[in-house]
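Chain residues, written in single-letter form:
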Amino acid sequence: MSALDRKLRRDVCRLWVQITAISLVMACGVATIILALGAYRSLSETRSAFYDRYRFATAFAGLNRAPLSLREPILQIPGVRSVELRIVKPFIIDIEGMSEPGTGIAVSIPDTQPAVNRLYLRSGRWPDSGRAGEVAVLESFALAHGLQPGDRFSVLLNGKRQTLTLTAIVLSPEYVYAIGPGDMVPDPRRFAVIFMPRSAMAAVHDMEGAFNDIALRLQPGVLLNDVSMALDAILKPYGGTGTIDRSQQTSHAFLDNELMQLRAMAAVVPPIFLLLSAFLVNMVLTRLIALEREQIGLMKAVGYGSIAIGWHFTKLTLVIAVLGILIGFLFGNVLGRGMTRLYASFYSFPFLVFSDSMDLYAVAGAFSVSAALAGSVRAIVGVLRLTPAVAMLPPQPVGYRSFLGRGVTRHISQLNLMAIRHLLRWPLRAAMTAFGTSLAVGLLITALFTYDSVAFMIDTVFFRTERQDATVMLSEAAGPGALSSLRRLPGVMRAEPYRSTLVVLRRDHRARRLSITSIAVNADLFRPLDKKMNVTIIPPVGLLISERVAALLELKSGDMVEVELLDFGGRRVSVSVSAVIESYVGLAVFMSPEALDRLIGDGPRISGARLALDVAQLPQFYHAVKATPGIGAIALQRVSHAHFRETIENNIFIMTSVYVALAVIITFGVVYNTARIHLSERARELASLRVLGFSRSEASGVLLTEIIVLIAIAQPVGWLLGTGFAWSVVRGFESDLFRIPFVIERATYAKSSLIVVTVAAISALIVRRRVDRLDLVRVLKTRE
Amino acid sequence: MIEPLCRAAQGGAASSSPSGSREGGAAQPILRAERLTKIYRSGDVDVAALRAVDFSFCRGEIVVLLGPSGSGKSTFLNLVGGLDRASSGKAWFGNLDLTACSERKLTRFRRDHVGFVFQFYNLIPSLTASENVALVTDIAKDPMDPAEALARVGLNERLDHFPAQLSGGEQQRVAIARAIAKRPEIMLCDEPTGALDSRTGIVVLEALIRVNAELGTTIAIITHNAAIRQIADRVVTFRDGRIAEEATNTQRLPPHAVSW
Ligand SMILES: Nc1ncnc2c1ncn2[C@@H]1O[C@H](COP(=O)(O)OP(=O)(O)O)[C@@H](O)[C@H]1O
Ligand SMILES: [Mg+2]
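Colleague: An account of the overall build of chain A is requested, with residue identities and associated values reported.
Modeller: In terms of helices and strands, chain A carries 22 helices and 22 strands. Counting only C-alpha atoms, chain A reaches 100 × 55 × 50 Å along its principal axes. Relative to its 784 residues, chain A shows a buried fraction of 55%. Of the contacts formed within chain A by residues at least 6 apart in sequence, a portion of 82% connects residues at least 24 apart. Carbon and sulfur atoms make up 60% of the accessible area of chain A, which totals about 32,200 Å².

Dropping the structure here:
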């Protein structure tokens, strides 16, 4: 081993805490690259492979009822590649071991794999249309109930109790993310998708020779717009409600949303860590080289070339980078696997493995080495430039300037003056330290604000808006008489009817497909809130639209908007917007029942009712629902809220833990290194103070003052950053599916600061112990 | 009991103290060491830096400490100045047993009674000349004005300069001003002229002599330069951690008269 390498080894041993601290920051960058990119790739590659192999539809259309003979005309539409004409109907689950009624979707399947949306057979065999009641069941539901091929369970199909036999456990590209009505997160226990031979399905629903749903695949390169006109024209006589593309399909839209967030994370988080580690490398290396000026001069004097010496320091940089990369690989892999496991619990793919291909590591490694080298460049160029003669001269005292007038400095103690001037002497370094610390604060706010946001959402959605215990949806809209039968169900204390109809809201070239739902003027169970979070009065005419809809269609209250009634032959009417309201779930648009009935013009009708239930009679209620024909689906808000809470709290907890760890690492890395460098630069001054009769705490106080000033500056900056991050998270989540409210409690700012200040204090105190142990005699005897 | 005799100092302010001679009444020693010993342990090698040294500094005198490098001079001053702890033996400042002092008391002792001057000045680069002095006057009991302290070393014009803007000699004089500003009883100077050329060195020594004359401060100066012995009242020579020789000058020469 060469003498220089031996020196390198000793430097590494001596500086190991600092090196580790930097490596950890770098490791966060590496880990987040691997985590975000790896998870993104896993999800997107798995999704496209699944979509491809199992022929996920590119477009969907719903209708009332049409004859199967439409297949030919549909296939004739230029651009259509294949089509599947299906019967899709909701049903009520009545399964042993679950007292609540669940809701399911039954989809008809041909005798062999369908042309579109094929099923992945996890186990069992294809249901035989010759045998009564055989079905394939979506894996998530089967797992939640421990169902195996051969098991039987009962459902209420079209109001008729059926005992079904599970022959296959399957996955479908259409239901990767399977979420039931009224749920905010998937609850596989209460939501089922069953695939039933078309003959059996037709028999139950009186749909022989007919279908009510289309899934189709377009030829590559064909745009949906070219096809949908022709398709809509064909379906219109049959109650077609318009063609939608994948982006409006629930499962696909959720996956898209997730992928978008991962991409945003990959673009934002790793660069922050790499920037910080570059700064730390720069700071530590610059100091090390300053300390070793004379040695460098000597080495040059005895004939070592600049390149050899530059390479020596580059190697030290590489040690930091390699250490960071290794730790980052490890954690990135662990986190990536964890994330993928989490995904696997929400998204059902035949297989979802963490895609940790070599190139991912190569990319992460290359970025990190580049960041480290970029950080070291200035310091190393300084080494190359140093001439031996200059290097051997004793360094001049560092030049300071008086930034403040005498009038000001008179009022500041000399010790504080030392601290302030030292900070101002290297403003960029001070700024970077404060910035790094503020990033930690910001990161914590970003993580912790989700608690506030979710708590707020739970309060507004669960306790102030959707106050019903359950919502029943009738299989078909019915006259007002249907309400009294719902009221008679046991345990129903209050029932508020609603009507819901599928429409396209259109304004100029902007359009959105959504449902208008009615709310009675005296409604108590469901009360939309205005933007000030007050209960809105339902206007006698006009629409209440959610902020998201207002933004998408550029509408404000008083505007006119065109409503295309999809359930009623696409008739178009113009309606005014009465008010814009707050809503976090879906694309909410409301109207008074009278106004909606007038708009549609077929007299009073109800689609379902929101119910307040007597908890004591829940079992009877559940039992009765399972026995009531005419109920198409049921959402149990109380149950789904509880489930939402549990799931989201678990997720937030995981996320927060990761973020807290990242913030702790940043704070420690930045503050510890800065404090060490400050100490190294000022050991002599602090020793002088001790000689002059200042106590240990007064001497270390100078160092701590600097750190305290930087940490203090970092807090408001961090609050600002955190607020900005949180805002972009809110914006990033915003989709047609849901929004999260932008709410940050003061306590969140306080908690974030508290965590960072605590870690900073610990880091600074570790360094303070070194001040206490300063060997006065030795420090003062050395030249620098 | 070993009670080294102190000659009365010749300096101005101190001349009021009872004059004495070898035969007459002994002056009260201000700082005294008794069998002061320092052993450095590094690994399994023990280095005896100081071996049972007995010595007393008297009020108002100037003592020059000579000796080859490594003979224990700095170790001795550091021990009696409360910068380091003895392995055995005792050091007294008046009635204060330095060797029994807590860290806190030693700090207090340095703050109130001792002024240090080192070879490498040890100024605070972020404080101006007057602020460097004020650093000490802010915490001292009966300090002089920083401007006055700087005037005593001939630096009344450079109060607002930072160390980087001062020459080596000027920096060292700021260090002296900083040391005297608290009116210490004793000043311990470890090679104060070591990093300076002879002309600048003379200016610095003259500043020290003036302090001694005007304030009656006891001054100990370590030097490599044997010629400087002539400015002292007493000259102590260290060798191998012991005092090998001790001499008294009948007459002190002013620094500029010393040939270097
Ligand atoms: N911190 C230390 N550790 C080990 N040995 C030391 C230390 N400081 C001084 N010494 C040793 O003590 C002896 C006396 O040193 P010192 O008092 O500095 O001598 P001088 O000032 O007379 O040149 C020398 O041999 C020196 O090597
Ligand atoms: Mg010495």
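What follows picks up the thread again.
Colleague: Can you lay out the domain arrangement of chain A for me, pointing to particular residues and giving the numbers?
Modeller: Residue and element names in this part refer to chain A. Split by domain assignment, chain A resolves into domain 1 (52-253), domain 2 (405-465 + 637-784) and domain 3 (466-618 + 629-636). One C-alpha centre belongs to domain 1, the other to domain 2, and the line joining them spans 53 Å. Contacts between the two partners involve 10 residues from domain 1 and, on the opposite side, eight residues from domain 2. Of the roughly 780 Å² buried between domain 1 and domain 2 on both sides combined, carbon and sulfur atoms contribute 75%. Here domain 1 is connected to domain 2 by zero salt bridges. On inspection of domain 1 and its partner domain 2, the count reaches two residue pairs in polar contact (both at pLDDT 80 or more). For the side of domain 1 that touches domain 2, a count of residues per class yields four nonpolar, one polar and five charged.

Colleague: Outline the pattern of salt bridges, listing residues and values.
Modeller: All names here are of chain A. Summed over the entire model, instances satisfying the criterion amount to 58 salt bridges over all chains. A salt bridge links Asp 94 to Lys 626, with the shortest nitrogen-to-oxygen separation between them at 3.3 Å. Residue Asp 94 is located in strand E3 (residues 88-94), and its partner Lys 626 is located in helix H18 (residues 618-627); the two are separated by 532 residues in the primary sequence. Overall, Asp 94 belongs to the buried group, its relative accessible area being 18%. According to the relative accessible area criterion, Lys 626 is buried, its value standing at 8%. Between Asp 469 and Arg 638 there is a salt bridge; the shortest N-O distance is 3.2 Å. Residue Asp 469 is located in the loop between helix H14 (427-465) and strand E12 (470-478), and its partner Arg 638 is located in helix H19 (residues 637-691); the two are separated by 169 residues in the primary sequence. Each of the salt bridges in this network shares a partner with another, and the network as a whole consists of Arg 512, Arg 548, Arg 731, Glu 734 and Asp 736.

Colleague: Tell me about the nonpolar core, and please be specific about residues and values.
Modeller: Ranked by size, the top nonpolar core spans 82 residues in total, and within it Phe 273, Leu 285, Ile 296, Phe 313 and Phe 644 of chain A carry the most contacts. Considering each element in turn, this core owes the most residues, 15 residues, to helix H7 (residues 250-291) of chain A. When residues of this core are assigned to domains, at least three fall in each of domain 2 (405-465 + 637-784) and domain 3 (466-618 + 629-636) of chain A. Beyond its immediate chain neighbours, meaning those up to four positions away, Phe 273 of chain A contacts Val 25, Cys 28, Gly 29, Thr 32, Leu 443, Leu 662 and Ile 666 of chain A. If you look at the next biggest cluster of nonpolar residues, it comprises 67 residues, including Ala 675, Leu 703 and Val 771 of chain A together with Ile 186 of chain B.

Colleague: Which residues make up the packing of aromatic side chains, and what values go with them?
Modeller: In this structure the tally under the stated criterion is 26 aromatic pairs over all chains. Members of the aromatic cluster, each reached through a chain of ring pairs, are Tyr 177, Phe 254, Tyr 343, Tyr 347, Phe 733 and Phe 738 of chain A. Here the guanidinium or amino end of Arg 425 of chain A rests over the ring plane of Trp 426 of chain A, the centre of that ring lying 4.8 Å away. The aromatic ring of Phe 694 of chain A is capped on one face by Arg 111 of chain B, whose charged end is 5.9 Å from the ring centroid.

Colleague: Describe the sheet that holds strand E10 (residues 242-248) of chain B, listing the residues and the values that go with them.
Modeller: Residues and elements named next belong to chain B. Judged by pairing direction, the sheet is mixed, and its six strands sit side by side in the order E6-E7-E8-E3-E9-E10 without closing on themselves. With partners counted over all chains shown, the strands left at the sheet margins are strand E6 (114-117) and E10, one partner each. Sheet twist, expressed as the average angle between the axes of neighbouring strands with direction ignored, equals 15°. With four bridges connecting them, strand E3 (residues 62-66) and strand E8 (residues 218-222) associate as parallel partners. Looking at E8, one finds that Ile 62 is bridged to Ile 219. Against the sheet, helix H5 (residues 168-180) touches E6 and strand E7 (186-190), its axis set at about 170° to E6.

Colleague: Outline the pairing of strand E7 (residues 152-157) of chain A, supporting the account with residue identities and numerical values.
Modeller: Residues and elements named next belong to chain A. Most of E7 sits out of view: five of its six residues are buried. Direction of pairing for E7 relative to strand E8 (residues 160-171): antiparallel, over a ladder of six bridges. Bridged to Ser 154 within E8 is Thr 163. Connecting the antiparallel pair E7 and E8 is a turn made up of two residues, with Asn 158 showing a positive phi of about 50°.

Colleague: If you had to explain a nonpolar patch on the surface to someone new, which residues and values would you point to?
Modeller: On the surface, Leu 37, Val 363 and Phe 367 of chain A cluster together into a nonpolar patch covering about 240 Å² of accessible area. Topologically, Phe 367 of chain A is positioned in helix H10 (residues 358-385).

Colleague: Can you explain the side chain of Thr 75 of chain B? Please cite residues and give values.
Modeller: All names here are of chain B. Topologically, Thr 75 is positioned in helix H1 (residues 73-80). Judged by its relative accessible area of 10%, Thr 75 is buried. Those residues in contact with Thr 75 that sit more than four places away from it in its chain are Lys 38, Tyr 40, Ala 49 and Leu 50.

Colleague: If you had to explain the interface of chain B and chain A to someone new, which residues and values would you point to?
Modeller: On the side of chain A, 33 residues touch chain B, which itself brings 30 residues to the contact. For the pair chain B and chain A, the two sides together bury roughly 2,800 Å², of which 60% comes from carbon and sulfur. Its salt-bridge partner being Arg 111 of chain B, residue Glu 698 of chain A comes within 2.7 Å of it at the nearest N-O pair. On the surface where chain B and chain A come into contact, there are 10 residue pairs in polar contact (both at pLDDT 80 or more). Listed by contribution, the elements that provide at least two residues to the side of chain B that touches chain A are helix H2 (103-113), helix H3 (129-137) and H5 of chain B. Taken together, the residues of the side of chain B that touches chain A sort by class into 14 nonpolar, seven polar and nine charged.

Colleague: Residues and numbers for the site of ligand 1, please.
Modeller: Taken together, 13 residues sit near ligand 1, with Gly 70, Gly 72, Lys 73, Ser 74 and Thr 75 of chain B positioned nearest. At 3.2 Å, a backbone N or O of Ser 71 of chain B approaches an oxygen atom of ligand 1. Here an oxygen atom of ligand 1 and a side-chain polar atom of Thr 75 of chain B are 2.4 Å apart. If ligand 1 stood free it would expose 560 Å²; the protein chains cover 74% of that surface. If you list the elements that add at least two residues to the shell around ligand 1, you get helix H22 (776-781) of chain A together with strand E2 (45-58) and H1 of chain B. If one sorts the elements of the shell around ligand 1 by residue count, H1 of chain B sits on top with three residues.

Conventions used here
- Residues numbered from 1 in each chain as written.
- Chains lettered and ligands numbered in written order.
- Predicted model: local features only at pLDDT ≥ 70, side-chain atom pairs only at ≥ 80, totals over all residues.
- Heavy atoms only, no water.
- Helix = DSSP H or I, 4+ residues; strand = E, 2+ residues; numbered from the N terminus.
- Buried < 20%, exposed > 50% of the residue type's maximum accessible area, 1.4 Å probe, protein only.
- Contact = heavy atoms within 4.5 Å.
- Areas by Shrake-Rupley, 256 points an atom, 1.4 Å probe, with all protein chains shown as cover.
- Domains from an automatic or database assignment.
- Buried area = accessible area lost by both parts, 1.4 Å probe.
- Salt bridge = Lys/Arg side-chain N within 4 Å of Asp/Glu carboxyl O.
- Polar contact = N/O pair within 3.5 Å; in protein donor to acceptor, adjacent residues only side chain to side chain.
- Nonpolar A, V, L, I, M, F, W, Y, C, P; charged D, E, K, R; others polar.
- Core = buried A, V, L, I, M, F, W, Y, C linked by side-chain atoms within 4.5 Å.
- Phe/Tyr/Trp six-rings, centres within 6.5 Å; stacked < 30°, edge-to-face > 60°.
- Lys NZ or Arg CZ within 6 Å of the ring centre and 35° of its normal.
- Pairing = 2+ DSSP bridges.
- Axes fitted to C-alpha atoms, helices over the stretch in contact; angles between N-to-C directions.
- Patch = residues over 30% accessible without salt bridge, like charges linked within 9 Å, V, L, I, M, F, W, Y side chains within 5 Å.
- Near = heavy atom within 4 Å.

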